[in-house]
Amino acid sequence: MPKKAYICNMANNEQDMETPAGLKGTGDGKSVLIVGAGGFVGGYLARMALDCGYDTYVGVRASTSRRYLDDPRLHFVVLDYDDAEAEKRQLTQAAPSPAGWDCIVWNLGATKCADMADFDRINYGYLRRFADVLQDTGLIPGRFLYMSSLSVLGLGDEKTFAPFTSQSVPNPNTAYGRSKLKSEVFLEKYSRLPWIIFRPTGIYGPHEKDYMMMVESIDRHLDVSVGFTEQQLSFLYVADLVTAVFQALAAPADKVLGHKYILTDGGSWTQKQFRQLTLKYLNKGWALPLRLPMWAVYCVSVAAEKAAAMRGKASTLNRDKFKIMRQRNWNCDITDARRDFGYTPAWPLPRGLAATVAAYLAARHAK
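Every chain begins its residue count from 1, and numbering advances along the sequence as written. For this predicted model, a pLDDT threshold of at least 70 governs which residues receive local features, and a threshold of 80 or more governs which side-chain atom pairs are given and counted, while totals over whole chains, interfaces and linings are taken from all residues. Values reported for side chains reflect all heavy atoms of the structure, with hydrogen atoms and water molecules removed beforehand.

Right, let's talk about the packing of helix 3 (residues 84–94) against helix 4 (residues 117–137) for a bit. Only the stretch in contact is used when fitting a helix axis, every axis being a line fitted to C-alpha atoms; angles between N-to-C directions are given from 0 to 180 degrees. Per the convention used, a helix needs a DSSP run of H or I reaching at least four residues, while a strand needs a run of E reaching at least two, with both numbered from the N terminus. Viewed as axis vectors pointing N to C, helix 3 and helix 4 meet at an angle of 55°, and their least axial separation amounts to 10 Å. By the angle between their axes, helix 3 is oblique relative to helix 4. Regarding helix 3 and helix 4, the two cross each other, and that crossing is right-handed. Listed contacts from helix 4 to Ala-84, Glu-87, Lys-88, Leu-91 and Thr-92 of helix 3 are Arg-129, Phe-130, Val-133, Leu-134, Asp-136 and Thr-137. Residues are sorted three ways: Asp, Glu, Lys and Arg are charged, Ala, Val, Leu, Ile, Met, Phe, Trp, Tyr, Cys and Pro are nonpolar, and all the rest, Gly among them, are polar. Tallied by class, the residues present in the contact of helix 3 with helix 4 amount to 5 nonpolar, 2 polar and 4 charged. Each angle is binned into one of four classes, with values under 35 degrees roughly parallel, values over 145 roughly antiparallel, values of 65 to 115 roughly perpendicular, and all other values oblique. Left-handed is the label given to a crossing in which the near helix is rotated counterclockwise from the far helix by less than a right angle, and right-handed is the label when the rotation is clockwise. Two residues form a contact once any of their heavy atoms are found within 4.5 Å.

Right, dumping it as structure tokens:
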């Protein structure tokens, strides 16, 4: 197939990323505030909230890019996460009613930091301050959905490769995972918020950067992986995550409130499968699989982290990320989400990766 025709076909696949018919109208007459709406996932959340019929508010910093928040129907709420008194003013002035919002989705968080202490400050401290403000102002929503992470569970079973389940005991082995678990414990034990917690695996799709770097590397005929024992990987395409959010917000309260859900595309994949699919969608024949020993990747991670810290920046490759990269088992059981709010992944890796590669090719073609 000629490359230009291939790009067009793949771009059409991305356009299929529409709000499921069953969700349209579920937000009619309701309001939602999406906190942390400026990032990769936030733009998709805002778009689907509007499609579902919600009166949609997006919580952003003053400095946040609004690149993916260009719909004129959106209400912007500029928040100062470091100042509780400022947050009280900002939220009470923006609230659609004295009772606040029907639903709040907390999508704010840091995945990499120059200073490991910043994970706690941002991922836990900001959430706790915000929750306290909601309680002090009486703006407690009907549902508060917190975007956590699969990293709260720590190492999986690397002997039998049994999947993570809702009964898996959290034991995070990264600063990022510990900060997310601390937030979960706060919501469960100390807040009065009617919470739902999502624990998604690695999220990818158009506009996401880390997985796009993997696609770019394979496009250059090099597929780099860590360790010599095959990993069992799990993936979650952004459209499935966002669909799950609004399914959970629309589900009966007795089914979802006070529950924690693991989210993936329902499959288990290897690095080889990821490489082969990527090559297929790139319309390329080969890429050299390069496996790096753990010790070498650790040394590079330490060096990259220190070099970035000297510049006051966070490094994509660091000691925290190394612990995630060396983990062999990311198998997951999503039974609870299927049962409680009808979660049915529509974007398994072959379909989601096709749309992601299409976005990569289109961006490259446009340069």
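From this point, the narrative continues.
What follows is about the packing of aromatic side chains. Planes of paired rings set the category: under 30 degrees apart is stacked, over 60 is edge-to-face and the rest tilted, where pairs are Phe, Tyr or Trp rings (Trp by its six-membered ring) whose centres lie within 6.5 Å. According to the stated counting rule, one finds 20 aromatic pairs in the structure shown. Ring geometry for Phe-40 and Tyr-44: centres 5.9 Å apart, planes at 80°, overall edge-to-face. Note that Phe-40 and Tyr-44 are positioned in helix 2 (residues 40–52) at a spacing of 4 residues, about one turn of the helix. Relative accessible area serves as the criterion here: at 9%, Tyr-44 is assigned to the buried category. Here Phe-198 and Tyr-261 contribute two aromatic rings whose centre-to-centre distance is 6.3 Å and whose plane-to-plane angle is 85°, an arrangement assigned as edge-to-face. Of this pair, Phe-198 sits in strand 6 (residues 195–200) while Tyr-261 sits in strand 10 (residues 260–263), and the two are 63 residues apart along the sequence. As far as burial versus exposure is concerned, Phe-198 and Tyr-261 are alike and both buried. By the ring-pair criterion, three or more aromatic residues cluster together here, those being Tyr-204, Tyr-211, Phe-235, Tyr-237, Phe-274 and Trp-347. Whether a charge lies above a ring is judged from NZ of Lys or CZ of Arg, which has to be within 6 Å of the ring centre and within 35 degrees of the ring normal. The residue whose ring lies beneath Arg-66 is Phe-76, and the NZ or CZ to ring-centre distance is 4.1 Å. Three labels apply to residues, based on accessible area from a 1.4 Å probe with only protein chains included: buried if under 20% of the type maximum, exposed if over 50%, partly exposed otherwise in between.

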